[in-house]
Amino acid sequence: MSGLTRSRRWALLLNYLVGYTFLYPLLAGMLSVTVYELSGMDIRSWLSGLIYLFVLISSLMLAWPLIQRDGKKFLARPRAIVQDSAKRYVVMYFSMLVLNVLIILLSGQTSSQNQETIVSELIRSPLQIVLVTCVFAPIVEELVFRGVLFTSLRQRAGYRIAALVSGLLFGLLHVYSSLFAGNWMDLCFLVVYGAMGVQLCLAYEHNETLFSPILMHAFNNLISVILILV
């Protein structure tokens, strides 16, 4: 189901989970400090943009056989897939809304650290964050979590376990920085992001093309950005 060789799958995982999450920001931070000490230039935003561009392009190249295969499936019935994805998005949105309300009532937490970071970054560099949240994240995260993790687990453990594990790892991605910072209350939002991940797996399973969860993910992030800006 994955449409990718084992080496491509591992390369995609390492490029994102190790490179994008830890290694590339670490190297960029060291380089920006060195450049600032030598010249007084602040190149952090430029390096951040280069990381996003590199990870996006390299992910697309590594996943190209999968993208070609699923692209053909999408083009075979685009209207049906878009309509189904839209219906599934509505269900996903309201389920996440209910979970968020329950979290607010039970814990008093009004928003996750991930959401607060997006708000602050939107103020500082709006164009970059809009592109990251609405283009970069939907494409790269769906390639990794649905295109590689979900499909690989699906072949070994079945749909339910694969969707649950992939969804939980997707949720963990959105709260891990808070946990490292000692903000354990943010762990409750793992349920919200995890539920989103599971429903994106369901859309992929039903429509048999990665373009379905990509569309849902992109639209969800676009709506979130619009609500923040408004």
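Before any of the text, the structure's been laid out above.
Quick caveat: nothing in here was measured; it's all calculated off a predicted structure. (Residues numbered from 1 in each chain as written. Predicted model: local features only at pLDDT ≥ 70, side-chain atom pairs only at ≥ 80, totals over all residues. Heavy atoms only, no water.)

Engineer: Would you mind showing me how to read the overall build of the protein here?
Structural biologist: Helix and strand counts for the protein come out as ten helices and zero strands. Going from N to C terminus, the protein has its helices and strands arranged as α-α-α-α-α-α-α-α-α-α. Taken against the 2.2 N^0.38 rule, which gives 17 Å for 230 residues, the C-alpha radius of gyration of the protein at 18 Å falls within 12% of a compact globule. Here the protein holds 230 residues, and the buried ones make up 41% of them. Sequence-distant contacts in the protein: of pairs separated by 6 or more residues, those separated by 24 or more amount to 78%. Positive and negative side-chain charges in the protein, numbering 16 and 11 respectively, have mean positions lying 14 Å apart. (Helix = DSSP H or I, 4+ residues; strand = E, 2+ residues; numbered from the N terminus. Rg over C-alpha atoms; globule rule 2.2 N^0.38 Å. Buried < 20%, exposed > 50% of the residue type's maximum accessible area, 1.4 Å probe, protein only. Contact = heavy atoms within 4.5 Å. Lys, Arg positive; Asp, Glu negative; His and termini not counted. Charge placed at Lys NZ, Arg CZ, Asp CG, Glu CD.)

Engineer: Would you mind showing me how to read the side chain of Asn-220 here?
Structural biologist: Secondary-structure assignment places Asn-220 in helix α10 (residues 211-229). You can call Asn-220 buried: its relative accessible area is 8%. Non-local contacts of Asn-220, meaning those with residues more than four positions away in its chain, are made with Tyr-89, Met-92, Met-96 and Met-196.

Engineer: Any chance you could explain the packing of helix α4 (residues 78-107) against helix α9 (residues 190-207) here in plain terms?
Structural biologist: Between two packed helices, what matters for the description is the angle formed by their axes and the separation of those axes. The interhelical angle for the contact between α4 and α9, taken along N-to-C directions, is 165°, at an axis separation of 9 Å. Considering their axes alone, α4 and α9 lie roughly antiparallel with respect to each other. Helix-helix and strand crossings are classified by hand; for α4 and α9 the assignment is right-handed. Side by side, α4 and α9 meet where Ile-81, Asp-84, Ser-85, Arg-88, Val-91, Met-92, Ser-95, Met-96, Leu-99, Asn-100 and Ile-103 of the first sit next to Val-191, Val-192, Ala-195, Met-196, Gln-199, Leu-200, Leu-202, Ala-203, His-206 and Asn-207 of the second. Of the residues that constitute the contact of α4 with α9, the class distribution is 13 nonpolar, six polar and two charged. (Axes fitted to C-alpha atoms, helices over the stretch in contact; angles between N-to-C directions. Parallel < 35°, antiparallel > 145°, perpendicular 65-115°, else oblique. Left-handed = near helix turned anticlockwise from the far one by under 90°. Nonpolar A, V, L, I, M, F, W, Y, C, P; charged D, E, K, R; others polar.)

Engineer: For this particular structure, what's the right way to read the pattern of salt bridges?
Structural biologist: Pairs can form between side chains of opposite charge once their charged atoms are near each other. Considering all chains together, one arrives at five salt bridges under this definition. One salt bridge in this structure joins Arg-146 and Glu-142, with 2.7 Å as the shortest N-O distance. With a gap of four residues between them, Arg-146 and Glu-142 both fall in helix α6 (residues 126-157), about one helical turn apart. For Glu-142, a relative accessible area of 0% corresponds to the buried category. With a shortest N-O distance of 2.7 Å, Arg-154 and Glu-205 are connected by a salt bridge. (Salt bridge = Lys/Arg side-chain N within 4 Å of Asp/Glu carboxyl O.)

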